[in-house]
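A closer look at the structure
What follows is each chain in one-letter form.
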Amino acid sequence: MPFGPDTDAWLEEVAEGNANYPPNTASWKELMEKKPEIRVAQCVRKDGAQRAALYSLLRSLEGVRDKFSTRREQYLSVATVYAEKYQLATSLLLAIMHTESGFNPNAVSPKKAIGLMQVVPHSAGNEVYRFLKGEQGTPSMDALFNPENNIRYGATYLHLLDRYHFAGVTNSASRQLCVIAGYNGGPNAVLRHFHPNRQKALEKINGMTTEQLYKALTKRFPYAETRRYVESVKARMVNYATF
């Protein structure tokens with residue numbers, strides 16, 4: 001039962017249809033289609049206090065949706081600009097922003113990833129800085145806390161993953177999966193998952209269907225965080241497909 005510090009994240013997943021309720025409850029889609037008074041009756045009738053507590057969480061789903069919708073709208077125009085600049089799907093930028101920070105421009109991870117797209121200054125930030133400025137350097141924390149700069153850095157890193165690190169992946173849908181996994185786990189780790197030799201790794205990826213690659217990244221990749229990350233980003237891309 002996902003009560004506790006992770007409740008907000010779980011509610012967000014439920015609201016999007018990416019998480020299930022505890023066993024023996026109706027699916028989230030069925031519950032969301034019912035009126036609140038029917039929904040609470042179901043929760044209480046099934047096993048009393050636990051279902052009543054669950055319902056109190058379900059009632060906050062609308063607030064969760066509104067919160068993320070409002071945040072997303074703040075950054076949609078900038079995301080669209082950089083998606084077009086680098087020929088990326090706007091839905092990809094929004095899904096990564098959502099997954100990385102919940103559209104929070106002040107987010108800082110334990111690994112010191114910063115801002116909306118959780119750019120790490122001394123890794124992805126350093127690579128993007130060299131690409132943009134043509135010289136060695138690292139973006140400042142102040143720069144990465146600026147929403148537009150952060151989106152610029154995140155989108156540029158996606159571009160580098162797409163056009164350089166995974167340029168040898170011939171199928172565009174498969175390349176996008178590698179880009180998503182690489183944004184979280186690092187491009188070298190993604191390639192090593194398939195073979196220590198870069199060229200042989202690319203050959204192996206190119207010999208797989210997109211479905212096979214998705215399973216390899218979400219079921220067998222050594223980092224659990226990256227496995228979940230690929231699933232979450234792909235699911236959110238569907239939700240943002242109209243942007």
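Residues numbered from 1 in each chain as written. Predicted model: local features only at pLDDT ≥ 70, side-chain atom pairs only at ≥ 80, totals over all residues. Heavy atoms only, no water.

Some words on the overall build of the chain
Secondary structure assignment for the chain yields 14 helices and 0 strands. If you list the helices and strands of the chain from N to C, you get α-α-α-α-α-α-α-α-α-α-α-α-α-α. The buried share of the chain, taken over its 243 residues, is 47%. Across the chain, the fraction of contacts at a sequence separation of at least 24, relative to all contacts at a separation of at least 6, is 58%. (Helix = DSSP H or I, 4+ residues; strand = E, 2+ residues; numbered from the N terminus. Buried < 20%, exposed > 50% of the residue type's maximum accessible area, 1.4 Å probe, protein only. Contact = heavy atoms within 4.5 Å.)

What about the environment of E211?
Within the secondary structure layout, E211 lies in helix α13 (residues 210-219). For E211, a relative accessible area of 56% translates into the label exposed. In sequence terms E211 and A173 are 38 residues apart; their C-alpha atoms lie 9.7 Å from each other.

Quick look at the side chain of Q118
Within the secondary structure layout, Q118 lies in the loop between α6 (90-101) and α7 (124-133). A polar side-chain atom of Q118 sits 3.2 Å from the main-chain carbonyl oxygen of A107. If we ignore the near neighbours within four places in the chain, the residues touching Q118 are E100, S101, A107, V108, S109, A113 and N150. (Polar contact = N/O pair within 3.5 Å; in protein donor to acceptor, adjacent residues only side chain to side chain.)

Re the nonpolar core
L93, M117, I151, L158, Y183 and F194 are the most contacted members of the largest nonpolar core, which totals 55 residues. Excluding residues that lie within four positions of it along the chain, M117 makes contacts with L93, I96, M97, E100, N150, I151, G154, A155, L158 and Y183. (Core = buried A, V, L, I, M, F, W, Y, C linked by side-chain atoms within 4.5 Å.)

Quick notes on the confidence of the model for the chain
The share of residues in the chain with pLDDT of 70 or more is 72%, and the mean pLDDT across the chain is 82. Per-residue pLDDT stays below 50 along residues 20-48; that stretch engages in 51 contacts with residues further than four places along the chain or on separate chains. (pLDDT = per-residue confidence, 0-100.)

Observations concerning the packing of aromatic side chains
A full pass over the atoms with the stated rule returns 4 aromatic pairs. Plain terms: the ring middles of F103 and Y240 are 6.4 Å apart, the flat faces sit at 80° to each other, and that makes the pair edge-to-face. Residue F103 is located in the loop between α6 and α7, and its partner Y240 is located in the segment after α14 (224-239); the two are separated by 137 residues in the primary sequence. Residues F103 and Y240 agree in their burial class; the two are buried. With a centroid separation of 5.7 Å and 55° between ring planes, the pair formed by Y157 and Y183 is classed as tilted. Highlighted residues: Y157 in helix α9 (residues 147-165) and Y183 in helix α10 (residues 172-185), separated in sequence by 26 residues. Y183 gets classed as buried once you look at its relative accessible area, which sits at 10%. (Phe/Tyr/Trp six-rings, centres within 6.5 Å; stacked < 30°, edge-to-face > 60°.)

Considerations on the packing of α7 against α9
Contact pair α7 / α9: the axes reach a minimum separation of 9 Å and the direction vectors enclose 85°. Comparing their axes, α9 and α7 come out roughly perpendicular. Judged by residue contacts, A124, G125, E127, V128, Y129, F131 and L132 of α7 engage R152, Y153, T156, Y157, H159, L160, Y164 and H165 from α9. Partitioning the contact of α7 with α9 into residue classes produces 9 nonpolar, 4 polar and 2 charged. (Axes fitted to C-alpha atoms, helices over the stretch in contact; angles between N-to-C directions. Parallel < 35°, antiparallel > 145°, perpendicular 65-115°, else oblique. Nonpolar A, V, L, I, M, F, W, Y, C, P; charged D, E, K, R; others polar.)

Looking at α6
With 12 residues, α6 extends 17 Å from end C-alpha to end C-alpha; this agrees with the ideal 16 Å at 1.5 Å per step. In terms of residue burial, α6 counts as a mostly covered element, since 10 of its 12 residues are buried. Those residues of α6 that sit buried are T90, S91, L92, L93, L94, A95, I96, M97, H98 and S101. Remark: G102 follows α6 within two positions and exhibits a positive phi of approximately 65°. (Expected span 1.5 Å × (residues − 1).)

Some points on α10
In this model α10 runs 20 Å from its N-terminal to its C-terminal C-alpha over 14 residues, within 8% of the 20 Å that 1.5 Å per residue would give. Of the residues making up α10, those classed as buried are S174, R175, L177, C178, V179, I180, A181, G182 and Y183. On the buried face of α10, the contacting elements are α6, α9, α11 (187-194), α12 (198-206), α13 and α14. Within two residues after α10, G186 carries a phi angle of roughly 95°, on the positive side.

Considerations on the side chain of T90
Checked against the element boundaries, T90 lands in helix α6. For T90, a relative accessible area of 11% puts it in the buried group. Those residues in contact with T90 that lie beyond four places of it in its chain are L76, T80, A83 and F243.

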